[in-house]
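# Chains, contacts and geometry: an overview
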Amino acid sequence: ANLEGTISEAMSVASNEPPFRFTFAPEFVEAMLPFFDVVSLANNHSRDRNIDGEIETQEWLDELGLEWFGGYGTSVLVHQYGGEGGIQVSLVGYHEFGTSVEELVGVIAQESQDGRFVIVMPHWGEEYIGQPQDGQRELATQIVKAGADLIIGGHPHVVQGIESIDGVPVIYSLGNFVFDQIAPGTDVGLSVTVLFYEDGGRVYLSPIE
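As a starting point, this report considers the structure included with it. Quantities reported herein were computed from a predicted structural model and do not represent experimental measurements. (Residues numbered from 1 in each chain as written. Predicted model: local features only at pLDDT ≥ 70, side-chain atom pairs only at ≥ 80, totals over all residues. Heavy atoms only, no water.)

### As for the overall build of the chain
Each helix and strand in the chain was counted, giving four helices and twelve strands. Computed over the C-alpha atoms, the radius of gyration of the chain is 17 Å, within 12% of the 17 Å expected from 2.2 N^0.38 for a compact globule of 209 residues. The C-alpha extent of the chain, read off along each of the three principal axes, is 50 × 35 × 30 Å. The 209 residues of the chain split such that 41% are buried. (Helix = DSSP H or I, 4+ residues; strand = E, 2+ residues; numbered from the N terminus. Rg over C-alpha atoms; globule rule 2.2 N^0.38 Å. Buried < 20%, exposed > 50% of the residue type's maximum accessible area, 1.4 Å probe, protein only.)

The following block contains the structure:
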C-alpha cells in the first residue's frame, strides 16, 4: 500500500488550503498490521513534517514491524522478498517530484538483470484527472524499456486508465483507498491482486468504495 503521510504522536494540523500536514497516530498504523506487509513512502506527503518527520515515520514502521520502501527525495529504494515458489520480487517506489528518472531506470535495469519480477509504484500525474497524461505515458514507456514487469501508479486521488505497453500492464492510478475526500471520484478506487504461475501471471483488479 501507499502510506501517504507521516506517523507521529504529535498533534495533527488541519487546514483547508495547502500545504497539508498529514499525520497518523501510531495506533492507527498498528491496526493495519494484520492486513499489510509493506508500504511505500515514495510520495509527496512523506515529508509533510520535514525530513525529521520522514525519519520518525521510518522509525515507527521499524518499531511496529511494518516493512517499507521508497522515500521523498533521497533515492529510489528497493524492497526484495522471496515469493511462493522462490519468486523474487522487487518493489521500486518512485516519487516524480523528488527523484531523477535516470536513477529510477538504473535501479529498474539492475533489478531486472538480477532476474527479479520488478513492480514499479510511481507517484505521478495530475490530481483529479481521470485519464493519464502524456508525461505519464512517456515515463511509463521508459520504465518498461528499463525492464519493469508491472506498473501500479498513484497520486491523482482518482482512478485513471489502464493499458499495456509492450506487454507490460500499466495501471496509472488506483485512486483513493482510505481517505476522507468528498470530491467526485475520490470516494472509489481499485486494489490489485497479482498471482504468479509457472507459465506467467495474472493481474486482477477489485473495486473499492
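Now that the structure has been shown, we can carry on.
### Examining unusual backbone geometry
Of note, the bond from P18 into P19 is cis; its omega dihedral lies within 30 degrees of zero at 5°. Among the secondary structure elements, P19 is positioned in the loop between β1 (6–7) and β2 (23–24). With phi around 70°, H157 is a residue other than glycine that occupies positive phi space. Following the sequence through the fold, H157 ends up in the loop between β8 (150–152) and β9 (162–165). Of note in the backbone geometry, D166 takes a positive phi value of approximately 55° without being a glycine. For D166, a relative accessible area of 67% gives the class exposed.

### Quick word on the packing of aromatic side chains
Applying the stated criterion to the full structure yields five aromatic pairs. Ring geometry for F117 and F196: centres 4.9 Å apart, planes at 85°, overall edge-to-face. Of the two residues, F117 sits in strand β7 (residues 117–123) while F196 sits in strand β11 (residues 189–197), which places them 79 residues apart along the sequence. Judged by relative accessible area, which is 23%, F117 ranks as partly exposed. The exposure class assigned to F196 is partly exposed, which follows from its relative accessible area of 32%. Ring plane angle 25° and centroid distance 5.7 Å describe the contact between W124 and Y172, whose orientation is recorded as stacked. Of this pair, W124 sits in the loop between β7 and α4 (134–146) while Y172 sits in the loop between β10 (168–171) and β11, placing them 48 residues apart in sequence. Residue classification places Y172 among the buried residues on the basis of a relative accessible area of 1%. Members of the aromatic cluster, connected to one another through ring pairs, are F20, F22 and F179. (Phe/Tyr/Trp six-rings, centres within 6.5 Å; stacked < 30°, edge-to-face > 60°.)

That is the geometry; function is a separate question.
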